[in-house]
Structures are given as C-alpha cells and as structure tokens.
Amino acid sequence: MPFNVIHGTEGDQFVTYTTQPQIVLGQSLVLDDGRRFRFCLNGAVALVAGFLVQSPVPANQTGRAVGTYAAGVSQLSITFGAAVTLNQYEGGFVWMDVNANSLASTYKIKGNAAGTTVNVDLWTPTIEAILAASTVSLVQSPYRSVIVAAASPSAMIIGVAPIAVAAAAYCWVQTHGPAAVMNDTATVDAAIGKMLEASPDRAGEVAGAAAGDEVRIGQCIQDEGDAEFLGAFLTLE
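Here the structure is a predicted model, which means the values were calculated and not measured.

> I tried to follow the side chain of T135 on my own but got confused; where do I start?
Relative to the assigned elements, T135 resides in strand β10 (residues 135–139). Within the local environment of T135, its side chain forms a polar contact with the side chain of D97, the two groups lying 2.5 Å apart. Those residues in contact with T135 that sit more than four places away from it in its chain are G63, R64, V66, W95, M96, D97 and V98.

This is the structure we're talking about:
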C-alpha cells in the first residue's frame, strides 16, 4: 500500500503521466522545503501552468435511496440521480444523510458498477446499521477530472498547476508554498504581504483579497502587473 505522503525531490512536481502510476488520487507530494502538491487526474481540457485548478462541479447526488443493511457491510446498493460509469466514484465518499441511527459516518468508495441503481463498494465495513427510509449522499474524489478554476470558482479550489498538463493526464497540483500565479489587477490589485483570493472575474487567476466570499488561496510575496505571474505563498493546506 502506498504511503499517504511522498517525500520527493525538486523536479518531481513537473512529471505527468498518461496512465495512473502506483499513486492514489489526492496523495501528497512534499519537497524538502515544504512545498506540497496533490496528485490529480486532469479533465477533458488542458491545464495552464500558473493558473488555479478546481474540482469539477459535483453532480447532485444527495438524498439517494439505499438498501437496508446490518452494520458491517462493505457493499451498498444505491440509486443515483442519473446513470454513472464504471468506477466513476472510485476515491469519492458516501455518507448517510438521513438515518435513524444518526451517526453520519463518512466512508471512502472503492469502486462502483455502471448504471443507475448499482452496487457501491466501500474500503471499510459500515459501523452502523442502515435502516429503512435511510438515504445517502455521495461525492466524487475532488482530485478526479480537475479543471482550470472558473471565474468565481464553482467547486473546491485544489491549487495551482506548476506545469502545462494535457487533457486526461495525471499530474501534481501545488497546494502550499511559493508559486507563480496569474495576476488579475483589474479586480483588486494585489499587495506584498496581503491575502490573495481566486479572481471572481477571470478564470484561473488570483486577485487581491476583497471583503467578499471568494476563496483565499494564500499571501502575495512578489507583486506584478495585470496579466503577469505574481509570486504567491499558497496556504490551501
């Protein structure tokens, strides 16, 4: 079983793969100076170096019907809102959103069959019984099928692409430490030592933090002009 954290060397963050190596989605790569990256599968559009990356917009999979089970099962029959593909939810999570036991435990998904009402396999057995009229919610791995962050991001911000990444390739996305990121001064101009946020107006860019609800991604450590790459110290984890 791979370790949760890979202690890498300079340059490892620039390696991409056309097929998945023995690295799980979401696994951390840490370099000797503390910079941190997460292993991701890119979506259908190429990523751009120095631009913010987000999870895909999640499908609405809340309140889904599930069978009744005693505690200790590792497979659930779940009815999705629309047909899913084989292992689409591998590495994602499922939890009971309505259950008389009210334990609300979250389980990692090992895989799923294709279809609408399908078997979903879990990595660990359930610790509670699932009673009649219970429902579940599911979410895909946030690191699967990532995209360039939308203007005013529409899902969780993962980090910054340190290199251009082809569609459907596996890659590392930076979450912590110094990084070059495209600057949007047209929204709010950044300033050294001040917080940065995901731009609400330009896809994949950052701006100086305003009194809004955009995602704070770190601090500015070197300011630049509009449409230039500034220096950021990422603090997404």
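> Even after reading the chapter, I still don't get the side chain of S134, so can you show me in this structure?
Structurally, S134 is set in the loop between β9 (115–122) and β10. Accessibility expressed as a relative area gives 4% for S134, which makes it buried. At 2.7 Å, the side chain of S134 forms a polar contact with the backbone oxygen of L131.

> Just checking my understanding: could you explain the environment of E205 for this structure?
Here E205 is to be found in the loop between β14 (195–198) and β15 (206–208). For the pair E205 and V66, spaced 139 residues apart in the sequence, the C-alpha separation amounts to 41 Å. Ignoring sequence-local partners within four residues, the contact set of E205 consists of F51, L52, M182, N183, D184, E197, A198 and S199.

> Would you take a moment to explain the nonpolar core for this structure?
As a rule of thumb, soluble globular proteins bury nonpolar side chains together. Counting 20 residues, the largest nonpolar core has C40, L47, V53 and I158 as its most contacted members. Those elements that place two or more of their residues in this core are β3 (36–42) and β13 (170–182). In terms of nonpolar packing, the next biggest core, distinct from the first, is built from 16 residues, L76, V84, L122 and V136 among them.

> Any chance you could explain the pattern of salt bridges here in plain terms?
If the charged atoms of two oppositely charged side chains come close together, the side chains can form a pair. By the definition in use, this model includes eight salt bridges. Of the charged contacts, one joins R144 and E90 as a salt bridge, the two residues approaching to 3.9 Å between their closest N and O atoms. With R144 in strand β11 (residues 144–148) and E90 in the loop between β6 (75–84) and β7 (93–98), this pair connects stretches of sequence that are 54 residues apart. Overall, the relative accessible area of 16% leaves R144 in the buried class. Linking R202 and E205 is a salt bridge whose minimum nitrogen-to-oxygen distance equals 3.4 Å. Note on E205: relative accessible area 10%, which makes it buried. What emerges from the salt-bridge pattern is a single network uniting D184, R202, E205 and D226.

> Would you explain the packing of aromatic side chains in this entry?
Under the counting rule described, the total for this entry stands at five aromatic pairs. Each ring, one from F39 and one from Y170, has its centre 5.8 Å from the other, and the planes form 10 degrees; the classification is stacked. Pair noted here: F39 is in strand β3 and Y170 is in strand β13, with a separation of 131 residues, a long-range link. For F39, a relative accessible area of 0% corresponds to the buried category. Measuring from centroid to centroid gives 6.3 Å for F51 and F229, while their planes differ by 75 degrees, and the two rings are edge-to-face. Taken together, the positions of F51 in the loop between β3 and β4 (52–54) and F229 in strand β17 (residues 229–235) put the pair 178 residues apart, joining distant regions of the chain. Members of the aromatic cluster, connected to one another through ring pairs, are Y17, F39, Y170 and W172. Its end group placed over the ring of W123, K110 keeps NZ or CZ at 4.9 Å from the ring centre.

> Would you mind showing me how to read the sheet that holds strand β8 (residues 106–112) here?
Backbone-to-backbone hydrogen bonds join strands into a sheet, with any given pair of strands oriented parallel or antiparallel. Read from one edge to the other, the open sheet built from six strands follows the order β5-β10-β7-β8-β9-β6, with strand pairing classed as antiparallel. At either end of the open sheet lies a strand with only one pairing partner, and these are β5 (64–65) and β6. Here β6 runs beside β9; their pairing, made up of six bridges, is antiparallel. Directly across from V84, in β9, lies its bridge partner G115.

Cut-off values and rules
- Residues numbered from 1 in each chain as written.
- Predicted model: local features only at pLDDT ≥ 70, side-chain atom pairs only at ≥ 80, totals over all residues.
- Heavy atoms only, no water.
- Helix = DSSP H or I, 4+ residues; strand = E, 2+ residues; numbered from the N terminus.
- Polar contact = N/O pair within 3.5 Å; in protein donor to acceptor, adjacent residues only side chain to side chain.
- Contact = heavy atoms within 4.5 Å.
- Buried < 20%, exposed > 50% of the residue type's maximum accessible area, 1.4 Å probe, protein only.
- Core = buried A, V, L, I, M, F, W, Y, C linked by side-chain atoms within 4.5 Å.
- Salt bridge = Lys/Arg side-chain N within 4 Å of Asp/Glu carboxyl O.
- Phe/Tyr/Trp six-rings, centres within 6.5 Å; stacked < 30°, edge-to-face > 60°.
- Lys NZ or Arg CZ within 6 Å of the ring centre and 35° of its normal.
- Pairing = 2+ DSSP bridges.

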